[in-house]
Amino acid sequence: MALWAANGLLSGTLVPGVQISPYFLQVLCLAGINIILAVSLNLINGFTGQFSIGHAGFMAIGAYASAYVTVTFGDKIRAALAFLPQGGRDGALLLAGLAVGGALAAIAGFLVGVPSLRLRGDYLAIVTLGFGEIIRVFILNIDAVGGARGFTGISKLANFFWIYLFAAITILVVSRIVRSSFGRTLIAIREDEIAAEAMGVDTTRSKVISFIVSSALAGIAGGLFGHYLMYLHTNSFTFIKSIEIIIMIVIGGLGSITGSVLGAVLYIGLTEGLREFAQYRMVLFSFLLVVLMIVRPQGILGHREFLTLLPKRWRLGVDAPPAGG
Amino acid sequence: MALLELSGVTMRFGGLIAVNDVSFQVEPGQLYGLIGPNGAGKTTVFNVITGVYTPTQGVIRLEGESIGGKRTGRITRHGVARTFQNIRLFSDMTVVENVKVAFHCRQAAHLGAAMLRTKTHAAEEDRVDRESRELLKIFHLDRLAEEKARNLPYGSQRRLEIARAMATSPRLLLLDEPAAGMNPQEANELMDLIRWIRDQYGMAILLVEHNMKVVMGICETVHVLDYGSTIAVGPPAKIQKDPKVIEAYLGGA
């Protein structure tokens, strides 16, 4: 019950008594979705070292699948849950949509990952780019989800609370994976795939699992995106979107979870914050990126986690990150 | 039964015959040396045994079971571990984590358990951590456990590679030029270490090495390759006097 109370509270105001502008709230919510996308992509690009440029495709699958579920079966699920308060019904409906969206994105991740993860480096990047576009064009041609007109009539089920709940879950899941023995195999693959295989690591299995988890989380981010903006169009999921997510993790540091969070927030903060420069906005943004890459090519945090930068006495009980740092 | 048996193994790359009809057997606990001039096919033999290449012809058996063409990871889990001629450590991971990765192949790791941080998972992690550190102690690397592998001096990197290979608990250890780049004292220590590993764990060791002092000092049998073919097999004392071997190394008179 406390959950629903917090939910209601957060959908209107962040802190009791302090009203924030709808614009700022929307930027915060989109930042939260970016965090999920960046942290999940970092699992495959940063920790496993497999350069994928198809993240937007999996996000699209999650977005469309979950929206299809809530639009088509929304009334039935709501009727079946009539005993719950409004917030509870909406929440349950959203969770059902996200579960289907995440699961379908995971299946797509498996189907794309098995053939393409045999490739390395540039080849993998091109193949994932191709698959991402195939997914987008495929969805564009499904009339049941609006086709080229876009998918309308989606209820606003996602809000600040849900987005940040899933952002927190994503961070937890990814950080536990990379700190586990399985996560060590992922980092070993990034460091030297031939040596990892020679040490008995089933590199294909590790890479595919990492890809599936990453895709599922991207699907959830897509589901939240659709239920927040209440409208979906495949133009939101072009490879430009994938590149944006890559920029976020490169800014923050490949192989750093806190870096990805920082990168996601900085990305939207900069692109929005530079709006007053009107037509020079993207010029300035690109200039800042170039400067950052010259000054800190490894990203702001590199392989480190934010907490490890603090003096030791401030971080009692915090595990050292797996990549050393 | 021999631990490792190669019979008639040939490896062709297009028109190049890198390994030509090579046969030999390694018994459990044996120290077997593989030598030959540059380009003789020694590393290719290693790559064929560890599944990096599928042999064009011939059979490779590990305790009677054919392993030719199996994936490297599976062969490692069957009990064959190796080091690399050009060191291949996980350079951005710490020393202890390099070893822990190799333990993974005998570790029951479940993703779900890792995410939920179950007690069995934590206990398993503790065990791997303890055993990894014990192994590092043997190789005098315990003080460097938290150091990144890339920051280690060259000799320590070589030892770490052997330690990492040992962590997979192999029955056959393949060492590809372990003494390369070592000074005479380091090479001597390495010889003691290799002998000690064999005596302590009873594993067979197949060694590729250019340092003749090391090869002749520790190997019981030496196998000489030249242009992919076997030119001599026997105990070190006999090999050193073999005219064919002398010719291969020094050129014909």
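Each chain carries its own residue numbering, running from 1 in the written order of its sequence. Note on labels: chains are lettered from A, ligands numbered from 1, in written order. Under the rules for a predicted model, residues below a pLDDT of 70 receive no local features and side-chain atom pairs below 80 are neither given nor counted, while totals for whole chains, interfaces and linings still include all residues.

Asks: Whenever I open this one, the overall build of chain B confuses me. Can you help?
Replies: Secondary structure elements follow DSSP: runs of H or I no shorter than four residues count as helices, runs of E no shorter than two count as strands, and numbering proceeds from the N terminus. Helices and strands together make up the secondary structure of chain B, namely ten helices and ten strands. For chain B, the spread of C-alpha atoms along the three principal axes comes to 70 × 40 × 35 Å. Labels follow a simple rule on C-beta atoms placed from the backbone: if 20 or more others lie within 10 Å of a residue's own, it is buried; if 12 or fewer, it is exposed; otherwise it is partly exposed. Looking at chain B as a whole, 43% of its 253 residues are labelled buried. Residue pairs qualify as contacts under a 7 Å threshold applied to their C-beta atoms, which are placed from the backbone. Considering only residue pairs separated by 6 or more positions, chain B has 67% of its internal contacts joining residues 24 or more positions apart.

Asks: Looking at this structure, I do not really get the overall build of chain A. What am I missing?
Replies: Secondary structure assignment for chain A yields twelve helices and zero strands. Out of the 325 residues belonging to chain A, those deemed buried represent 50%. Put simply, 79% of the contacts in chain A that link residues at least 6 apart link residues at least 24 apart.

Asks: How should the interface of chain A and chain B be read in this particular structure?
Replies: Many structure descriptions define interface size as the accessible area lost when the parts assemble. Counting residues at the interface gives 27 residues for chain A and 30 residues for chain B. Elements that contribute at least two residues to the side of chain A that touches chain B include exactly helix H6 (160-178), helix H7 (181-191), helix H8 (193-198) and helix H9 (203-229) of chain A. Ranked by residues supplied to the side of chain A that touches chain B, first place goes to H7 of chain A with seven residues.

Asks: Looking at this structure, I do not really get the domain arrangement of chain B. What am I missing?
Replies: Residues and elements named next belong to chain B. Note: domain ranges come from an automatic or database domain assignment. According to the domain assignment, chain B contains domain 1 (1-79 + 170-253) and domain 2 (89-168). Taking the mean C-alpha position of each, domain 1 and domain 2 sit 27 Å from one another. Those elements that place two or more of their residues in the side of domain 1 that touches domain 2 are helix H2 (72-78) and strand E7 (172-176). A breakdown of the residues in the side of domain 1 that touches domain 2 according to their chemical character gives five nonpolar, two polar and two charged. When residues are grouped by polarity, Ala, Val, Leu, Ile, Met, Phe, Trp, Tyr, Cys and Pro land in nonpolar, Asp, Glu, Lys and Arg in charged, and all others, Gly among them, in polar.

Asks: Hey, could you run me through the packing of H7 of chain A against helix H3 (residues 95-103) of chain B in this one?
Replies: As a rule, the C-alpha atoms of each element are fitted with a line to give its axis, helices using only the stretch in contact, and angles between N-to-C directions run from 0 to 180 degrees. One can describe the packing of H7 of chain A onto H3 of chain B by two numbers: an axis separation of 9 Å at closest approach and a directional angle of 110°. Comparing the axis directions of H7 of chain A and H3 of chain B gives the class roughly perpendicular. Between H7 of chain A and H3 of chain B, the residues in contact are Arg184, Thr185 and Ala188 of chain A and Glu97, Lys100 and Val101 of chain B, respectively. In the contact of H7 of chain A with H3 of chain B, the residues fall into two nonpolar, one polar and three charged. Convention used here: angles under 35 degrees read as roughly parallel, angles over 145 as roughly antiparallel, angles from 65 to 115 as roughly perpendicular, and any remaining angle as oblique.

Asks: Is there a simple way to think about the sheet that holds strand E8 (residues 204-208) of chain B in this case?
Replies: In a beta sheet, neighbouring strands pair by backbone hydrogen bonds and run either parallel or antiparallel. Residue and element names in this part refer to chain B. One open sheet holds the six strands; their spatial order is E6-E7-E8-E3-E9-E10, and the pairing between them is mixed. In the strand order of this sheet, the two ends are held by strand E6 (80-82) and strand E10 (229-234), each with one partner. Each neighbouring strand pair of the sheet contributes to a mean axis angle of 20°, computed without reference to strand direction. In this description, strands pair whenever DSSP reports at least two bridges between them. In this structure, E6 lies alongside E7, joined through three bridges in parallel fashion.

Asks: Looking at this structure, I do not really get unusual backbone geometry. What am I missing?
Replies: The phi angle of most residues is negative, glycine excepted, and most peptide bonds adopt the trans form. Of note in the backbone geometry, Met230 of chain A takes a positive phi value of approximately 65° without being a glycine. In this structure, Met230 of chain A sits in the loop between H9 and helix H10 (239-252). For His140 of chain B, which is not glycine, the phi dihedral falls at a positive 55°. Tracing the sequence through the fold places His140 of chain B in the loop between helix H5 (119-138) and helix H6 (154-166).

Asks: What is the right way to read helix H7 (residues 184-201) of chain B from this model?
Replies: The α-helix winds at 3.6 residues per turn, so residues separated by three or four positions along the chain end up facing the same way. Residues and elements named next belong to chain B. A helix is expected to reach a length of 1.5 Å times the quantity of its residues less one. Helix length check: H7 (18 residues) gives 26 Å between terminal C-alpha atoms against 26 Å at 1.5 Å per residue, within 8%. Taken together, the buried positions of H7 are occupied by Leu190, Ile194 and Ile197. Buried residues of H7, viewed axially, fall in a sector of 60°; they line one side. Turned more than 90 degrees off the buried face of H7, the exposed positions are Pro184, Gln185, Asp192, Trp196, Asp199 and Gln200. As for H7, its buried residues are in contact with E8 and helix H8 (212-218). Immediately downstream of H7, the backbone of Gly202 shows phi near 65°, a positive value. Here the arc refers to the directions that run from the helix axis out to each C-beta atom.

Asks: I keep staring at the pairing of strand E9 (residues 221-226) of chain B and nothing clicks. Help me out?
Replies: Consecutive residues of a regular strand have side chains that alternate between opposite faces of the sheet. Residues and elements named next belong to chain B. Relative to E9, strand E3 (residues 31-35) runs parallel, the two sharing four bridges. Across the sheet, Gly33 pairs through a bridge with Val222, a residue of E9. Pairing of E9 with E10 involves five bridges; the strand directions are antiparallel. Bridged to Asp226 within E10 is Ser229. The hairpin formed by E9 and E10 contains two residues between the paired strands, and Tyr227 there has a positive phi angle of roughly 50°.

Asks: Would you mind going over H7 of chain A with me for this structure?
Replies: Most of H7 of chain A sits out of view: eleven of its eleven residues are buried. Listed in full, the buried residues belonging to H7 of chain A are Ser181, Phe182, Gly183, Arg184, Thr185, Leu186, Ile187, Ala188, Ile189, Arg190 and Glu191 of chain A.

Asks: Where do I start with the pairing of strand E2 (residues 16-26) of chain B in this structure?
Replies: Residues and elements named next belong to chain B. Of the strand pairs in this sheet, strand E1 (residues 4-13) and E2 are connected by seven bridges, and their pairing is antiparallel. In the strand pairing of E2, Arg12 is matched with Ile17. Linkage of E1 to E2, two consecutive antiparallel strands, is achieved through a turn of two residues, within which Gly14 is found at a positive phi near 60°.

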